[in-house]
Amino acid sequence: KAGVTQTPRYLIKTRGQQVTLSCSPISGHRSVSWYQQTPGQGLQFLFEYFSETQRNKGNFPGRFSGRQFSNSRSEMNVSTLELGDSALYLCASSLSVAPGETQYFGPGTRLLVL
Amino acid sequence: AQSVTQPDIHITVSEGASLELRCNYSYGATPYLFWYVQSPGQGLQLLLKYFSGDTLVQGIKGFEAEFKRSQSSFNLRKPSVHWSDAAEYFCAVGAVTGGGNKLTFGTGTQLKVEL
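These figures come from a predicted structure and were not determined experimentally. Each chain has its residues counted from 1, following the order in which its sequence is written. To label them, take the chains in the order written and letter them from A, then take the ligands in the order written and number them from 1. Under the rules for a predicted model, residues below a pLDDT of 70 receive no local features and side-chain atom pairs below 80 are neither given nor counted, while totals for whole chains, interfaces and linings still include all residues. Here the side-chain values reflect all heavy atoms present in the structure, with hydrogen atoms and water set aside.

Asker: Tell me what's going on with the interface of chain B and chain A, and back it up with residues and numbers.
Answerer: Only heavy atoms enter the contact rule, under which two residues are in contact if any of them lie within 4.5 Å. At the junction of the two partners, chain B supplies 20 residues and chain A supplies 21 residues. Defined in terms of a 1.4 Å probe, buried area is the accessible area two parts forfeit on being brought together, summed over both. Summing the contributions of chain B and of chain A, the shared interface buries around 1,600 Å²; its carbon and sulfur component is 52%. Secondary structure counts use DSSP, requiring at least four H or I residues in a row for a helix and at least two E residues in a row for a strand, with both numbered from the N terminus. Breaking the side of chain B that touches chain A down by element, the ones donating at least two residues are β5 (32–38), β6 (44–50) and β11 (103–105) of chain B. Ranked by residue count, the leading element in the side of chain B that touches chain A is β5 of chain B, at four residues. Under the scheme applied, nonpolar residues are Ala, Val, Leu, Ile, Met, Phe, Trp, Tyr, Cys and Pro; charged residues are Asp, Glu, Lys and Arg; polar residues are all the others, including Gly. Tallied by class, residues from the side of chain B that touches chain A come to 10 nonpolar, eight polar and two charged.

Shown next as structure tokens:
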């Protein structure tokens, strides 16, 4: 079974631009979560989607948004990019949003904001 | 609010030596507990997880972890480290009720293996 795929793998943007990252979950998984990883803040939860609905949201500004499609694929969008948005963005999929459900992570999208 | 502490930022061990990575958590009850490993340029791979039952959990790649309620700890161990184990290791907790499936991660422990 194919794992979680994320596109693109690398991205360079400039301040003020916006960016869209894509995540395809493992086949049959209906939940997708997004995490931001930076050297300073570590791994931080962004949001979680299940059945096209956002079920949980982390403490990030409104510039960070996401959505999930009927095929469970998910996208996250960051508008008005700031230098501090440079990070590895990780997507994880799971069968459901039930507590303790194992999350399987993709390789991440590395975003550099100049 | 749940939190995770990994006291050791860096650990260096010799190949073939034993390994123990420390993890302490803060949560109102027994949470779901996870250990993930991240190799350079890669995503996170699950090593093992615990919620209930036997407090010694076996995982992949020869790793095991022991849950100690009295110490709020979930330390990861391996009897004999291989050079390929060099990576960053993350302990994480998940809520038991409500809050969906969000994971709260520790800051990670970078493992270096000396040949």
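Asker: Pulling in residues and values, what's your account of the pattern of salt bridges?
Answerer: All names here are of chain A. For this analysis, a salt bridge means a side-chain nitrogen from Lys or Arg found within 4 Å of a carboxyl oxygen belonging to Asp or Glu. Counted under the stated rule, the structure contains eight salt bridges over all chains. One salt bridge connects Glu75 with Arg67, and the closest N-O pair in it is separated by 3.3 Å. For Arg67, a relative accessible area of 47% corresponds to the partly exposed category. Relative accessible area decides the class of each residue, using a 1.4 Å probe on protein chains only: under 20% of the type maximum gives buried, over 50% gives exposed, and in between gives partly exposed. The exposure class of Glu75 is buried, given its relative accessible area of 16%. Here the salt bridges do not stand alone but share partners, grouping Arg63, Glu82 and Asp85 into one network.

Asker: I'd like to hear about a nonpolar patch on the surface, residue by residue, with values.
Answerer: A surface patch of nonpolar side chains, about 300 Å² in accessible area, is lined by Ile12, Leu112 and Leu114 of chain A. Here Leu114 of chain A falls in the exposed class, since its relative accessible area comes to 53%. Patch membership requires over 30% relative accessible area and the absence of a salt bridge. Like charges are linked within 9 Å, and nonpolar side chains (Val, Leu, Ile, Met, Phe, Trp, Tyr) within 5 Å. Accessibility throughout is a Shrake-Rupley quantity obtained with a 1.4 Å probe, and a residue counts as covered only by protein chains that appear here.

Asker: Please provide a residue-by-residue account of the side chain of Gln68 of chain A, values included.
Answerer: Residue and element names in this part refer to chain A. Assignment of secondary structure puts Gln68 in strand β7 (residues 64–68). Pairs of N or O atoms within 3.5 Å make up the polar contacts considered here, provided that, within protein, one atom can donate a hydrogen while the other can accept it, and that residues adjacent in sequence are counted only when both atoms are side-chain atoms. In terms of polar contacts, Gln68 uses its side chain to reach the backbone amide nitrogen of Glu52, at 3.0 Å. Reaching out from Gln68, the side chain makes a polar contact with the backbone oxygen of Ser72 at a distance of 3.1 Å. Those residues within four positions of Gln68 in sequence are excluded, and the remaining contacts are Arg30, Ser31, Val32, Tyr49, Phe50, Ser51, Glu52, Thr53, Arg73 and Ser74.

Asker: Provide a residue-level description of the sheet that holds strand β3 (residues 19–24) of chain A, including the pertinent values.
Answerer: All names here are of chain A. A pair of strands is treated as paired once DSSP finds two or more bridges between them. Read from one edge of the open sheet, four strands run β1-β3-β8-β7, paired in antiparallel fashion. Each having just a single partner strand, β1 (5–7) and β7 make up the two edges of the open sheet. Averaged over all pairs of adjacent strands, the angle between their axes in this sheet comes to 20°, without regard to strand direction. Sheet analysis places β3 next to strand β8 (residues 74–78), joined by five bridges and oriented antiparallel. For every element, the axis is a line fit to its C-alpha atoms; helices are fit only across the contacting stretch, and the angle between N-to-C directions ranges from 0 to 180 degrees.

Asker: An account of unusual backbone geometry is requested, with residue identities and associated values reported.
Answerer: The omega angle of the peptide bond from Thr7 of chain A to Pro8 of chain A is -10°, so this bond is cis rather than trans. The residue Pro8 of chain A is located in the loop between β1 and β2 (10–13) in this model. Of note, Ser51 of chain A is a non-glycine position whose phi angle comes to about 50°, a positive value. Positionally, Ser51 of chain A belongs in the loop between β5 (42–50) and β6 (53–57). Phi at Ser72 of chain B takes a positive value of approximately 50°, unusual for a residue other than glycine. In this fold, Ser72 of chain B is placed in the loop between β8 (64–68) and β9 (73–78). According to the relative accessible area criterion, Ser72 of chain B is partly exposed, its value standing at 26%.

Asker: Tell me about the nonpolar core, and name the residues and values.
Answerer: Residue and element names in this part refer to chain B. If you look at the biggest cluster of nonpolar residues, it comprises 26 residues, and the most contacted ones within it are Leu19, Trp35, Leu47, Leu48, Phe74, Leu76 and Tyr89. Among the secondary structure elements, those contributing two or more residues to this core are β2 (10–14), β3 (19–21), β5, β6, β8, β9, β10 (87–94) and β12 (109–114). The element best represented in this core is β10, accounting for four residues. With residues up to four places along the chain from it excluded, the contact list for Leu47 reads Trp35, Tyr36, Val37, Gly59, Ile60, Lys61, Phe63, Leu76 and Tyr89. Working definition of a nonpolar core: buried Ala, Val, Leu, Ile, Met, Phe, Trp, Tyr and Cys residues. They are joined through side-chain atoms within 4.5 Å.

Asker: Summarise the state of the cysteines; cite the residues concerned and give the values.
Answerer: All names here are of chain A. For this text, the term disulfide refers to a pair of cysteine sulfurs within 2.5 Å. Under the definition given, this model contains two disulfides over all chains. Here Cys23 pairs with Cys91 through a disulfide, and the sulfurs are 1.7 Å apart. When the S-S torsion is -55°, as for the bridge of Cys23 with Cys91, the disulfide is left-handed. Here Cys91 lies in strand β9 (residues 87–94) and Cys23 lies in strand β3, a separation of 68 residues in the sequence.

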